Amino acid sequence: MAPGRIRDGVGLTNALAAGAPAAPAGDADGPLVGPLRVGGVDFREVADDDVEQVVALWDACGLVRPWNDALRDVADARSNPTSTVLVAHGGGAEDADPGSAVGPGAVVATVLAGFDGHRGWIYYLAVTPALQGTGLGRDAVVAAEAWLATQGVRKVRLMVRSTNTQVLGFYERLGYTDAECTVLGRDLP
Ligand SMILES: CC(C)(COP(=O)(O)OP(=O)(O)OC[C@H]1O[C@@H](n2cnc3c(N)ncnc32)[C@H](O)[C@@H]1OP(=O)(O)O)[C@@H](O)C(=O)NCCC(=O)NCCS
C-alpha cells in the first residue's frame, strides 16, 4: 500500500470520541501526518518487513485456515485503496528482548480493515498471546474504526466464526451487537 494514507490519527480518534462526524468519503488520500495513535499505541499500515510476522501472529491466534492464503490476503488488502492491514509493534521497554515476541520491532497486534462501498469490515483482529488482556485488542478495533472513518464508513461490521464464540464477550464490551444476519458465501472460479 502506498504510504500517505493514514492522516491525523490522534486528531481523528479524538474527534470520533467527541462524537464528531467521520471524515467525508473521498477525503482519505490526504498527506501522511503520522500513525494512528490509540491508547498510547501506534498503529501503522503494514510494511514489507512486517508481513511474515503478521501471518505468523494470525497463525498463532488460530485465524489462518487452509483454504485462505494469508499472504495473499495481506497483499490484496494492501493493493486496494479502500483496505489496509494495521499493525502495532512491541514497545521499547527496558526489559524487552529485541528478539522476543513483544520486543521492539515485533508485530504485537493486527487488524485488517476494508470499506466495500456500503459498510466497513474488520478481519484478522489479533493480539500476540503474551499481551492479550492488556487492552491492545480494544486499541486495534478503535484504530480500525478510525481508519474506516477516514474512508467515509458509518457502519462497521465483522464476522465471528461459529467456533470462536469465546470472543463474543470481547466485542460486546466494545459495543458490538449481533446484527442478526446469516452470512452466505460462494467462491468464484
Ligand atoms: C480477541 C482479542 C483480539 C482481544 O484482544 P485483547 O487484547 O485480549 O482484549 P482487551 O484486553 O483489549 O479487552 C478489551 C475488553 O474486553 C474484555 N474481554 C477481552 N476478552 C474477552 C472475552 N473473551 N470475553 C469477555 N470479555 C473479554 C476485557 O476484559 C476488556 O474489558 P474492559 O473494557 O472491562 O477492560 C485477542 O484475545 C485475540 O487475539 N484473540 C485470538 C484471535 C481472535 O479470536 N480474534 C478475533 C477474530 S473474530
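Residues numbered from 1 in each chain as written. Predicted model: local features only at pLDDT ≥ 70, side-chain atom pairs only at ≥ 80, totals over all residues. Heavy atoms only, no water.

Engineer: I keep staring at the site of the ligand and nothing clicks. Help me out?
Structural biologist: The full set close to the ligand counts 20 residues, and Gly133, Gly135, Arg138, Gln166 and Arg173 are the nearest of them. Valine 127 places a main-chain nitrogen or oxygen 2.9 Å from an oxygen atom of the ligand. Between the ligand and the protein, one listed contact pairs an oxygen atom with a side-chain N or O atom of asparagine 164 at 2.9 Å. Burial of the ligand by the protein amounts to 70% of the accessible area it has alone, namely 950 Å². Sorting the residues of the shell around the ligand by element identifies β5 (120-127), α4 (136-150) and α5 (168-173) as the ones contributing at least two each. At four residues, α5 tops the list of elements feeding residues into the shell around the ligand. Here the shell around the ligand is built from residues that sort into ten nonpolar, eight polar and two charged. (Near = heavy atom within 4 Å. Polar contact = N/O pair within 3.5 Å; in protein donor to acceptor, adjacent residues only side chain to side chain. Areas by Shrake-Rupley, 256 points an atom, 1.4 Å probe, with all protein chains shown as cover. Helix = DSSP H or I, 4+ residues; strand = E, 2+ residues; numbered from the N terminus. Nonpolar A, V, L, I, M, F, W, Y, C, P; charged D, E, K, R; others polar.)

Engineer: Teacher, can you tell me more about the packing of aromatic side chains here?
Structural biologist: Two descriptors summarise a pair of aromatic rings, namely the distance from one centre to the other and the angle between the planes of the rings. In total, this model carries four aromatic pairs according to the counting rule given. Seen from their ring centres, tryptophan 58 and tyrosine 124 are 3.5 Å apart, and the 5 degrees between their planes marks the pair as stacked. Here tyrosine 124 lies in strand β5 and tryptophan 58 lies in helix α2 (residues 51-60), a separation of 66 residues in the sequence. For the pair tryptophan 58 and tyrosine 124, one class covers both residues: buried. Geometrically, the ring pair formed by tyrosine 171 and tyrosine 176 is edge-to-face, given 6.0 Å between the ring centres and 65 degrees between the ring planes. According to the relative accessible area criterion, tyrosine 171 is buried, its value standing at 10%. Judged by its relative accessible area of 16%, tyrosine 176 falls in the buried class. What links up through ring pairs into an aromatic cluster is the set Phe170, Tyr171 and Tyr176. (Phe/Tyr/Trp six-rings, centres within 6.5 Å; stacked < 30°, edge-to-face > 60°. Buried < 20%, exposed > 50% of the residue type's maximum accessible area, 1.4 Å probe, protein only.)

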